[in-house]
Amino acid sequence: MNTYLNTGIELAYLTAAALFILGLKKLGSPATARNGNFLAAVGMLIAIIATLLNQSVLDYEWILVGIIAGSLIGAIAAQKVAMTDMPQMVGIFNGVGGAASSLVAVGEFWRLLDANGTVPLDATFIAILGVLIGGVTLTGSLLAFAKLQGLITGSPVTFPFQQPFNFLLLASFLAGSVYLLIQPANPAIFLTLTTISLLFGALFVLPIGGGDMPVVVSLLNSFSGLAASAVGFILYNNMLIVAGALVGASGLILTQIMCKAMNRPLTNVLFGAFGGDSVAVGGAGGAEIDKTYRSIDSEEGAMMLGYARSVVIVPGYGMAVAQAQHGVRELAAQLEKMGVDVKYAIHPVAGRMPGHMNVLLAEANVAYDRLYDMDDINTEFERVDVALVIGANDVVNPAARNDNSSPIYGMPIIDVDKAQHAIVIKRSMRTGFAGVDNELFYKDKTTMLFGSAQDVVSKLVGEVKQL
Amino acid sequence: MTEGLLTGLVVFVLASFVGFEVINKVPPTLHTPLMSGANAISGIAVVGALLIAGAQEWNVTTILGLIAVVLATVNVVGGFLVTDRMLQMFKKKETTT
């Protein structure tokens, strides 16, 4: 009877793993994505039910309480969160996943230690790995959350002797690990390693600026998968290893795409302390530009937009902050009514997570075939009458193309400067995340429209209606 | 013991390759849903949590396991629901345009 049950559980796990793969595959295409997510959820349900049938699970009461509590919190959070806050939400979910994995690693280490007085070498090794990855995911995600939520500054935080301190910490972690592998019956060392892992996560995200968050969020996503894989190693459960590896791979792919979109290697993103206060950069190359700009009011802006043949909207983080996506869609609808061809140009790293702009515009009911990737739209800009930049800065800075002293030099950008006219909606002349002045703003054919994206866009809608 | 570790490693490497193959070339529109969907799957750690939380007697391990159950379930349920909410928005437009 027992062997039958165990075989059944293993088969259920296999089904779950297959459903995860199928689900992820379907998540890759807009037509099947929802179905894919559903399949993955079914896989998860099967895995959980199969686990509850396991002979070593004896006490159901508290487990059910835990599941119900977790489900309630998760469901409420998923319903309540605003689409603009999605980067934080994904961040915090990564974090709780990492926390769960590291708790399992600690718990299993403790159980082995309690039962046998010692822990086998391989189990210790895996437990250390699990605690490390899970711990980094937890505190890294929490810190990313704090940065995204504005609880702490979004610019890179550095302190004196940061690198030596990190190396010291790393060295002590390695030394502690070696010691524990030789002398596993030492919970104090194990707890110290856990603490250091938690510190690592915080120290890893602290020096990374807000604009690089798409990379961080995807990387932490990958880590949360690897942490789950580590749990699989600890419990000799292949299904867990598979599921974790899949997530690890998907997170890594996204990380790669994000880095490529900024044309910066991952190491530079993680250790470069890029952006924010790094002043005095880009000054040399930009010095010769004529520093006068032209600003217009919304009435004039509405006229330019309304009488254009084609308009391309370039949204950025500023649109997300101002929650202007609904207004933007209304503006586009008004313009389309007047016969204007409206498209959206989306830079891969616009916003604070991969696909951030796409989600916001989808929420505002913009058809996704109106959204164009950077590479597809860039060839068209010479035929575009007006490019409307809403809260984007570094991703439209021509310096990335032609100023090799600029820190963002080499980053692929949206060629807004090649359009006939550009209107930039911005709160002030302040620099973007990279701390670099944007020569686009000083071009003859660029006009600035100052104000919060939300206000300006709704004023534009009103003015366009009156045309 | 090491044999189990090796089998695990084989499974891990092969599954990683499957992941890379399956997920490659996802359109940017789906980057966020893919990430949050994958994130929900990483909540699979709930299985590990259930296994260590299920012991009859109370000790450090079961308590840690229970906390892990709650956290992982938040991850799983929240992750799948929020992904569905996003994808629902993408769906809507397909019909209106």
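- The name an unreviewed UniProt entry gives chain A is NAD(P) transhydrogenase subunit beta, with Hyella patelloides LEGE 07179 as the organism.
- Regarding chain A, the relevant UniProt record gives this comment under Function (unreviewed entry): "The transhydrogenation between NADH and NADP is coupled to respiration and ATP hydrolysis and functions as a proton pump across the membrane."
- Turning to chain A, the UniProt annotation filed under Sequence similarities (unreviewed entry) states: "Belongs to the PNT beta subunit family."

A word on the UniProt feature "transmembrane region" (unreviewed entry) in chain A
Turning to step 1, where the next piece is worked out: Here, UniProt's "transmembrane region" (unreviewed entry) annotation points to residues 6-24, 36-54, 60-78, 90-113, 125-145, 165-182, 188-208 and 241-259 of chain A.
Turning to step 2, where the next piece is worked out: Spanning residues 36-54 of chain A, this segment combines 89% helix with 0% strand, and its end C-alpha atoms are found 28 Å apart.

Some details on the sheet that holds strand S7 (residues 446-450) of chain A
All names here are of chain A.
Turning to step 1, where the next piece is worked out: Reading across from one edge, S1-S7-S6-S5-S2-S3-S4 is the order of the seven strands in this open sheet, with parallel pairing throughout. Two strands close off the open sheet at either side, each with one partner strand: strand S1 (294-295) and strand S4 (371-373).
Turning to step 2, where the next piece is worked out: Against the sheet, helix H12 (residues 298-306) makes contact with strand S2 (310-315), strand S5 (386-390), strand S6 (421-426) and S7, and its axis sits at roughly 140° relative to S6, the strand it touches most.
Turning to step 3, where the next piece is worked out: Sheet strands in contact with helix H14 (residues 325-337) are S2, strand S3 (341-346) and S5, and its direction is about 145° off that of S3.

A look at the interface of chain A and chain B
Turning to step 1, where the next piece is worked out: Contacts between the two partners involve 100 residues from chain A, matched on the other side by 81 residues from chain B.
Turning to step 2, where the next piece is worked out: Between chain A and chain B lies a buried interface of about 8000 Å² when both sides are counted; carbon and sulfur atoms form 77% of it.
Turning to step 3, where the next piece is worked out: By the criterion of area lost to chain B, the three top residues of chain A are A:Arg34, A:Met44 and A:Tyr368, representing 8% of everything that side buries.
Turning to step 4, where the next piece is worked out: Remark: the boundary between chain A and chain B carries one salt bridge.
Turning to step 5, where the next piece is worked out: For A:Arg34, the salt bridge identified is with B:Asp84, shortest N-O distance 2.8 Å.
Turning to step 6, where the next piece is worked out: The interface formed by chain A and chain B holds 13 residue pairs in polar contact (both at pLDDT 80 or more) in total.
Turning to step 7, where the next piece is worked out: Those elements that place two or more of their residues in the side of chain A that touches chain B are helix H1 (2-26), helix H2 (33-52), helix H3 (60-80), helix H4 (86-116), helix H5 (121-149), helix H8 (213-234), helix H9 (238-262) and helix H15 (356-363) of chain A.
Turning to step 8, where the next piece is worked out: Taken together, the residues of the side of chain A that touches chain B break down into 64 nonpolar, 27 polar and nine charged.

A few points about the pairing of S7(A)
Residues and elements named next belong to chain A.
Turning to step 1, where the next piece is worked out: Within S7, four of the five residues are buried, leaving the element largely enclosed by the surrounding structure.
Turning to step 2, where the next piece is worked out: Sheet topology places S1 next to S7; two bridges connect them, and they run parallel. In the strand pairing of S7, Ser295 is matched with Met448.
Turning to step 3, where the next piece is worked out: In this structure, S6 lies alongside S7, joined through five bridges in parallel fashion. Across the sheet, Ile423 pairs through a bridge with Thr447, a residue of S7.

Examining the domain arrangement of chain A
All names here are of chain A.
Turning to step 1, where the next piece is worked out: Examined at the domain level, chain A breaks down into domain 1 (1-80), domain 2 (91-277) and domain 3 (283-466).
Turning to step 2, where the next piece is worked out: Taking only C-alpha atoms, the centre of domain 2 and the centre of domain 3 are 37 Å apart.
Turning to step 3, where the next piece is worked out: Contacts between the two partners involve 18 residues from domain 2, matched on the other side by 16 residues from domain 3.
Turning to step 4, where the next piece is worked out: Regarding the contact of domain 2 and domain 3, the summed buried area is about 1300 Å², with carbon and sulfur atoms giving 73% of it.
Turning to step 5, where the next piece is worked out: Our count for the domain 2 to domain 3 interface comes out at one residue pair in polar contact (both at pLDDT 80 or more).

Regarding the pattern of salt bridges
Residue and element names in this part refer to chain A.
Turning to step 1, where the next piece is worked out: In this structure the tally under the stated criterion is eleven salt bridges over all chains.
Turning to step 2, where the next piece is worked out: A salt bridge links Glu108 to Arg111, with the nearest nitrogen and oxygen atoms 2.8 Å apart. Here the residue Glu108 and the residue Arg111 both occupy positions in helix H4, the gap between them amounting to three residues, near one helical turn.
Turning to step 3, where the next piece is worked out: One salt bridge connects Glu380 with Lys343, and the closest N-O pair in it is separated by 2.8 Å. Separated by 37 residues along the polypeptide, Glu380 in the loop between helix H16 (374-378) and S5 and Lys343 in strand S3 bring together distant segments of the chain.
Turning to step 4, where the next piece is worked out: Shared partners join several salt bridges into a network, and the residues in it are Arg401, Asp415, Asp417 and Lys418.

A short note on the packing of aromatic side chains
Turning to step 1, where the next piece is worked out: Applying the stated rule across the entire model yields eight aromatic pairs over all chains.
Turning to step 2, where the next piece is worked out: When the ring of A:Trp62 is compared with that of B:Trp58, the centres are 5.6 Å apart and the planes differ by 80°; the resulting orientation is edge-to-face. Of this pair, A:Trp62 sits in helix H3 while B:Trp58 sits in the loop between helix H3 (45-53) and helix H4 (60-96), placing the two residues on different chains.
Turning to step 3, where the next piece is worked out: Judged by centre distance (3.9 Å) and plane angle (10°), the rings of A:Phe109 and A:Phe190 are stacked.

Concerning a nonpolar patch on the surface
Turning to step 1, where the next piece is worked out: On the surface, a cluster of nonpolar side chains totalling about 480 Å² of accessible area is made up of A:Tyr60, A:Leu64, A:Ile68, A:Leu72 and A:Ile76.
Turning to step 2, where the next piece is worked out: Of note, A:Ile76 is situated in helix H3.

Thresholds, definitions, all that
Residues numbered from 1 in each chain as written. Chains lettered and ligands numbered in written order. Predicted model: local features only at pLDDT ≥ 70, side-chain atom pairs only at ≥ 80, totals over all residues. Heavy atoms only, no water. UniProt positions renumbered as here; feature names shortened; annotations may be inferred. Helix = DSSP H or I, 4+ residues; strand = E, 2+ residues; numbered from the N terminus. Pairing = 2+ DSSP bridges. Contact = heavy atoms within 4.5 Å. Axes fitted to C-alpha atoms, helices over the stretch in contact; angles between N-to-C directions. Buried area = accessible area lost by both parts, 1.4 Å probe. Salt bridge = Lys/Arg side-chain N within 4 Å of Asp/Glu carboxyl O. Polar contact = N/O pair within 3.5 Å; in protein donor to acceptor, adjacent residues only side chain to side chain. Nonpolar A, V, L, I, M, F, W, Y, C, P; charged D, E, K, R; others polar. Buried < 20%, exposed > 50% of the residue type's maximum accessible area, 1.4 Å probe, protein only. Domains from an automatic or database assignment. Phe/Tyr/Trp six-rings, centres within 6.5 Å; stacked < 30°, edge-to-face > 60°. Patch = residues over 30% accessible without salt bridge, like charges linked within 9 Å, V, L, I, M, F, W, Y side chains within 5 Å. Areas by Shrake-Rupley, 256 points an atom, 1.4 Å probe, with all protein chains shown as cover.

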